[in-house]
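A look at the structure
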Amino acid sequence: MFEKVFIANRGEIAVRIIRACHELGIRTVVAYSQADRDSLAVRLSDEAVCVGPAAPGKSYLNAPALISAALITGCDAVHPGYGFLSENPYFAEIVNQCRLVLIGPTPEAIATMGDKAAAREAMITAGLPSIPGSQTTLANLDEARELARQIGYPVLLKAAAGGGGRGMRIVNDESEIQQAYTTARGEAESAFGKGDLYLEKFLPVARHIEIQVLGDEHGNLIHLGERECSIQRRHQKLVEEAPSPVGNADLRQRMGADAVRGAKSINYTGVGTMEFLLDPEGNYYFIEMNTRIQVEHPITELVTGLDLVKWQLRVAAGERLTLSQADVRINGHSIECRINAEDAQRDFRPEGGEVDLYLPPGGPGVRMDSHLYSGYTIPTTYDSLLAKVVVWGSDRAEAISRMSRALDECIITGVTTTIPFHQALMQDDNFRRGDFSTGYLASFIERYRVKQ
Ligand code: MV4
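If you're wondering where the values come from, they're calculated on a predicted model, not measured in any experiment.

All of the buried residues along helix 13 (residues 419–427) are Ile-419, Phe-421, His-422, Leu-425 and Met-426. Around the axis of helix 13, the buried residues are gathered within 155° of arc, so they sit on the same side.

Laid out in C-alpha cells, this is it:
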C-alpha cells in the first residue's frame, strides 16, 4: 500500500480522501490555493502545500506545481478527486512519467472515454445498446443532415469533447440543423478547443441511470448496482438515490452485465461510472462513461457497505479485488441531497459569505460529507457545493423521511443554502412516488418559485 498520498483537490472530496487514507494508515499531503489556506482539508491533512493563487488555472489545474509538490514531499501516489485534472489523460500520463501512481484508470482509458464519440464507438463495438445515431464524429453538415433524416427528428448534436451536457443542441427539424450545427461546433471549439460533434436521436422522456463499476489490475471487474440521477438542473445533479425507484434485480443484472462488459473491453481499472438513459418502455442505452470518483459515490457506499475511496486506493496500489459479483448485495435505500451555497429563489445564484454557525445533522442512518466549520469563509472562486447530506433507510419511504428529518436538523447560518429547496422537494408528490424523469426538476422549480 502507499505510504503517502498527494491530494490534488479541495473541498469536501479532499476531506473524504484524507479520511480514507487515514483509516488505511496512509499519510496525506493536500494541495491548496491561496484562497484555501483556512480549509478543513488543510487542517485535517498531515501536510499541506500551497500550489498557487486562487484562480484554478494557477493552482488546482497547475500540473507542474502539483507534481513538484507531490515529489518534493515524498508522495508515492496522486489522488485527483473529481473535476479539475481528474479526467485529463495528459495529467495522468505526466504523473505516471514522474514515477507517481495516479489513483485512477490508465491515461488510455481516460482518453477513450473523454472523447464521447470514441466512447460511443467503443461501447457499440463491445455490444452495448446505444441510441440510434452516428457511429462516431460527423464529417460535416451534410452528413449530419443525411443521418438526421434517416433516424428522424428530434436529434441531439453533442460535442465529442463535451460531456455533462456541455456543447449539446437539440434539433427539432431540418430547418434548424444548419444553425444548430454551426453553434454547437463553435461552442465546442471555444470551450474545449475541439469542435468535433456526433449525433443521436433525442429521447425527450428518459431517466438518467448510472452503474458504478470497480476493476483491479488483474482483470477482475464488478459492478455495484445503479444510481438514479434524473434530478438535475442544467446538467448539475441535485439529488441522487440508490437503488433507482424503477430499479429491480432483473434491470440491475442486465445493465450491470453490460457496464462490466463495456468497461472490461477497454481494460478499465479503478472506479468508474457507466451512464445510461432508460426510456419509458424499459429500454436502456449507453451514453457516457465517467472515469473518476463521483460526487454521488456515498449512496452506493451506503447500500453496498463498501468504501469506494479505499477501494480506489487499494486497486491503484495493485491489490486484488477480494470480492466477486456474487458478494455484492444491495441493502436498503440511500438518498443524497447536495447542499449548495446558492439562492434557489434567485435562479440558484451562487452566494459567498462566512458560515456563522454549522451544526451538521446526525443520528441513525445519516452521513454528512462536508468541508464546513463555524467561522469558515466560503470562497466564490470555486463551485458552490457545501455539503452532501446522505441518508440510509431500510426502504425508500424511510430514506425520504430520514432525509427530511436530517435537513430539518441541519444548521448552516450566515450564507444562503439550498436546504429549503431540498425540504420542499422531499415533500413533492411526484418525488415521493418516484415518478420523475430528466425533465422533472425544471417543472418542480417552476412550481417552487411560484409557491414561495
Ligand atoms: C441525452 C438525452 C436525451 N437523448 N441524449 C445530459 C448530460 C449528458 N450526460 C447526457 N445528457 C442527456 N443526453 C439523448 N440522445 C438527455 C440527457 C439528459 C438531460 C437532457 C435535458 C435535461 C436534463 C437532462 C438530464 C439528464 C440527461
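Val-5, Val-239, Leu-313, Ile-412, Phe-421 and Phe-431 are the most contacted members of the largest nonpolar core, which has 78 residues in total. Residues lining this core come from more than one domain, with at least three contributed by each of domain 1 (4–103) and domain 3 (207–451). Dropping the residues within four chain positions of it, Val-239 is found in contact with Glu-228, Ile-231, Ile-335, Glu-336, Cys-337, His-422, Leu-425, Met-426 and Phe-431. Of all hydrophobic cores here, the second largest spans 23 residues; its members include Val-213, Ala-263, Phe-276 and Phe-286.

Spatially, the three strands line up as an open sheet ordered 7-6-8, and their pairing is antiparallel. Because the sheet does not close on itself, it has two edges, and the strands there are strand 7 (169–171) and strand 8 (197–201). On average, each strand axis in the sheet is tilted by 25° relative to the strand beside it, whichever way the strands run. Alignment of strand 6 (residues 155–159) against strand 8, held across five bridges, turns out to be antiparallel. Across the sheet, residue Ala-159 finds its bridge partner in strand 8, namely Leu-197. In the packing of helix 7 (residues 141–151) onto the sheet, the strands contacted are strand 6 and strand 8, and the crossing angle to strand 8 comes to about 10°.

Close to the ligand lie 17 residues, the nearest being Lys-158, Glu-200, Lys-201, Leu-203 and Glu-275. Contacts to the ligand include Leu-203, whose backbone N or O atom sits 2.9 Å from a nitrogen atom. Taking Glu-288, its side chain carries an N or O atom lying 3.3 Å from a nitrogen atom of the ligand. Protein coverage of the free-state accessible area of the ligand, which is 530 Å², stands at 89%. Counting residues per element, the ones that place at least two in the shell around the ligand are strand 6, strand 8, strand 12 (270–278) and strand 13 (284–290). Partitioned by chemical class, the residues of the shell around the ligand number six nonpolar, six polar and five charged. Residue-level mapping places the shell around the ligand at the junction of two domains, with at least three residues from each of domain 2 (132–201) and domain 3 (207–451).

Definitions and cut-offs
Residues numbered from 1 in each chain as written. Predicted model: local features only at pLDDT ≥ 70, side-chain atom pairs only at ≥ 80, totals over all residues. Heavy atoms only, no water. Buried < 20%, exposed > 50% of the residue type's maximum accessible area, 1.4 Å probe, protein only. Helix = DSSP H or I, 4+ residues; strand = E, 2+ residues; numbered from the N terminus. Arc of directions from axis to C-beta. Core = buried A, V, L, I, M, F, W, Y, C linked by side-chain atoms within 4.5 Å. Domains from an automatic or database assignment. Contact = heavy atoms within 4.5 Å. Pairing = 2+ DSSP bridges. Axes fitted to C-alpha atoms, helices over the stretch in contact; angles between N-to-C directions. Near = heavy atom within 4 Å. Polar contact = N/O pair within 3.5 Å; in protein donor to acceptor, adjacent residues only side chain to side chain. Areas by Shrake-Rupley, 256 points an atom, 1.4 Å probe, with all protein chains shown as cover. Nonpolar A, V, L, I, M, F, W, Y, C, P; charged D, E, K, R; others polar.

Such coordinate-based values are descriptive only and should not be taken to indicate function.
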